[in-house]
Amino acid sequence: RKEVEQDPGPFNVPEGATVAFNCTYSNSASQSFFWYRQDCRKEPKLLMSVYSSGNEDGRFTAQLNRASQYISLLIRDSKLSDSATYLCVVTGLNTGGFKTIFGAGTRLFVKA
Amino acid sequence: ETGVTQTPRHLVMGMTNKKSLKCEQHLGHNAMYWYKQSAKKPLELMFVYSLEERVENNSVPSRFSPECPNSSHLFLHLHTLQPEDSALYLCASSQDRASAKNIQYFGAGTRLSVL
């Protein structure tokens, strides 16, 4: 089982749609969680951190479910500019020490 | 501008060449990383440096040789590469390696083609 798993997609949605991505992680000792965004042929950039209580940043909402070991990202009112790959990132103590693990990413295409 | 600068942005090299990738961070961070990203594959962590010491080496072939002369600079020396080494090589830095709130900031990457 992969340490961090994401649905690779692609998700094809119209502008204005609401779309949700899930990510599961295998290490119950994981401590911090993030969503990064990577545009085509560009570097990953931090989108938002994910807190236990859930957090919102404009049209983006992130949730953490420690019991089920998954995090989610909800995008409301999708824009064309939201088209990108969304990477789930999990950090914490693992075999071999502290690790930051990136998921393979979920591709989103928002169409007019 | 993320504060992490990589050069060159593009590199084409033959299998017998020797070249180096350079990364510089202006964020005052203590940890630096090299990642490889091949087409349609996830990020692969190659090396981690913390306070200029290599703390992680993920079974990377010896044709890749990292160097960290100080906390702001990181190099990846390349020699006798194979065509399958063609990929985007990303450098990243973070405040500390083992912080639970470790946020990594990436450079724009070097797109490498090995002929």
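Numbers given for residues are sequential positions, taken from 1 along each chain in its written order. The lettering of chains begins at A and the numbering of ligands begins at 1, in the order of writing. With pLDDT at 70 or above as the cut-off, local features in this predicted model cover only qualifying residues; side-chain atom pairs require 80 or more to be listed or tallied, and sums for whole chains, interfaces and linings still use all residues. Heavy atoms from the whole structure form the basis of all side-chain values; hydrogens and water molecules are not counted.

**Student:** Can you walk me through the pairing of strand S4 (residues 30-38) of chain A in this structure?
**Tutor:** Successive residues of a regular strand alternate their side chains across the two faces of the sheet. Residues and elements named next belong to chain A. Summary of the burial criterion: residues with accessible area below 20% of their type's maximum are buried, those above 50% are exposed, and those between are partly exposed, where the area comes from a 1.4 Å probe applied to protein chains only. In this text, helices come from DSSP runs of H or I with a minimum length of four residues, and strands from runs of E with a minimum of two, each type numbered from the N-terminal end. A large share of S4 lies buried, amounting to eight of its nine residues. Between any two strands, pairing holds if DSSP finds at least two bridges. Examined bridge by bridge, S4 and strand S9 (residues 84-94) share eight bridges and lie antiparallel to one another. Residue pairing across strands places Gln38 opposite Thr85, the latter belonging to S9. Examined bridge by bridge, S4 and strand S5 (residues 44-50) share six bridges and lie antiparallel to one another. Bridge pairing links Tyr36 to Leu46 in S5. Between the end of S4 and the start of S5, which pair antiparallel, lie five residues, with Arg41 showing a positive phi angle near 65°.

**Student:** When you look at the interface of chain A and chain B in this model, what are you seeing that I'm missing?
**Tutor:** Interfaces are often sized by the accessible area lost when the parts come together. The contact criterion used throughout is that any non-hydrogen atoms of two residues lie within 4.5 Å. Counting residues at the interface gives 20 residues for chain A and 20 residues for chain B. Of the roughly 1,600 Å² buried between chain A and chain B, counting both surfaces, carbon and sulfur atoms make up 55%. Two parts placed together each lose some accessible area under a 1.4 Å probe, and the buried area is that loss summed for both. Summed over the three residues of chain A that lose the most area to chain B, namely Glu43(A), Phe98(A) and Phe102(A), the buried surface amounts to 33% of that side. Salt bridges are identified by distance alone: a Lys or Arg side-chain nitrogen within 4 Å of an Asp or Glu carboxyl oxygen. Scanning the region where chain A abuts chain B turns up zero salt bridges. Whenever two N or O atoms come within 3.5 Å, that pair is a polar contact, provided that in protein one can donate a hydrogen and the other can accept it, and provided that, for residues adjacent in sequence, both atoms are side-chain atoms. The interface formed by chain A and chain B contains three residue pairs in polar contact (both at pLDDT 80 or more). By residue number, the principal contributor to the side of chain A that touches chain B is S4(A), which donates five residues.

**Student:** When you look at the pattern of salt bridges in this model, what are you seeing that I'm missing?
**Tutor:** Two side chains carrying opposite charge are able to pair once their charged atoms lie near each other. Residues and elements named next belong to chain A. Under the counting rule described, the total for this entry stands at five salt bridges over all chains. A salt bridge links Arg37 to Asp39, with the nearest nitrogen and oxygen atoms 2.7 Å apart. The closest approach of N and O atoms between Asp82 and Arg59, which form a salt bridge, is 2.8 Å. Of this pair, Asp82 sits in the loop between strand S8 (70-75) and S9 while Arg59 sits in the loop between strand S6 (55-57) and strand S7 (60-65), and the two are 23 residues apart along the sequence. Taking relative accessible area as the criterion, Asp82 reaches 2% and is therefore assigned buried.

**Student:** Sorry if this is basic, but what is going on with the packing of aromatic side chains here?
**Tutor:** Geometry of an aromatic ring pair is reported as the spacing of the ring centres plus the angle between the planes. A pair of Phe, Tyr and Trp rings is counted when the ring centres sit within 6.5 Å of each other, with Trp represented by its six-membered ring. The angle between the planes then sorts it: under 30 degrees is stacked, over 60 is edge-to-face, the rest tilted. For the structure on display, the rule yields ten aromatic pairs over all chains. With centroids separated by 5.7 Å and ring planes inclined at 80°, the aromatic side chains of Phe102(A) and Phe106(B) adopt a geometry described as edge-to-face. You can see Phe102(A) sitting in strand S10 (residues 97-102) and its partner Phe106(B) sitting in strand S10 (residues 105-106), one on each of two chains. Put simply, the rings of Tyr36(A), Phe102(A), Tyr33(B), Tyr35(B) and Phe106(B) pair up and form one aromatic cluster.

**Student:** Looking at this structure, how should I read the state of the cysteines?
**Tutor:** Simply put, disulfide is the name for a covalent bond between the sulfur atoms of two cysteines. Two cysteine sulfur atoms make up a disulfide if the distance between them is within 2.5 Å. What the rule picks out here adds up to two disulfides over all chains. The residue that forms a disulfide with Cys23(A) is Cys88(A), at a sulfur-sulfur distance of 1.9 Å. Judged by the sign of its S-S torsion, about -70°, the cystine formed by Cys23(A) and Cys88(A) is left-handed. Of this pair, Cys23(A) sits in strand S3 (residues 19-25) while Cys88(A) sits in strand S9, and the two are 65 residues apart along the sequence. Take Cys23(A) and Cys88(A): they sit in the same class, and that class is buried. Free cysteine: Cys68(B), not disulfide-bonded; nearest cysteine sulfur from Cys91(B) at 9.2 Å. Residue class for Cys68(B) comes out buried when judged on its relative accessible area of 12%.

**Student:** Can you help me understand the sheet that holds strand S3 (residues 18-25) of chain B in this one?
**Tutor:** Two pairing modes exist for strands in a sheet, parallel and antiparallel, and in both the strands are linked by backbone hydrogen bonds. Residues and elements named next belong to chain B. Taken in spatial order, the four strands of this open sheet run S1-S3-S8-S7, and their pairing is antiparallel. Two strands bound the open sheet, and with one partner strand each, they are strand S1 (4-7) and strand S7 (64-70). If you compare each strand with its neighbour and ignore which way they point, the axes differ by 20° on average. In this sheet, strand S8 (residues 73-79) lies alongside S3 in antiparallel orientation, the contact comprising seven bridges. Bridge pairing in S8 links Leu21 to Leu76. Every axis in this analysis is a line fitted to C-alpha atoms, fitted for helices over the stretch in contact. Angles between the N-to-C directions lie between 0 and 180 degrees.

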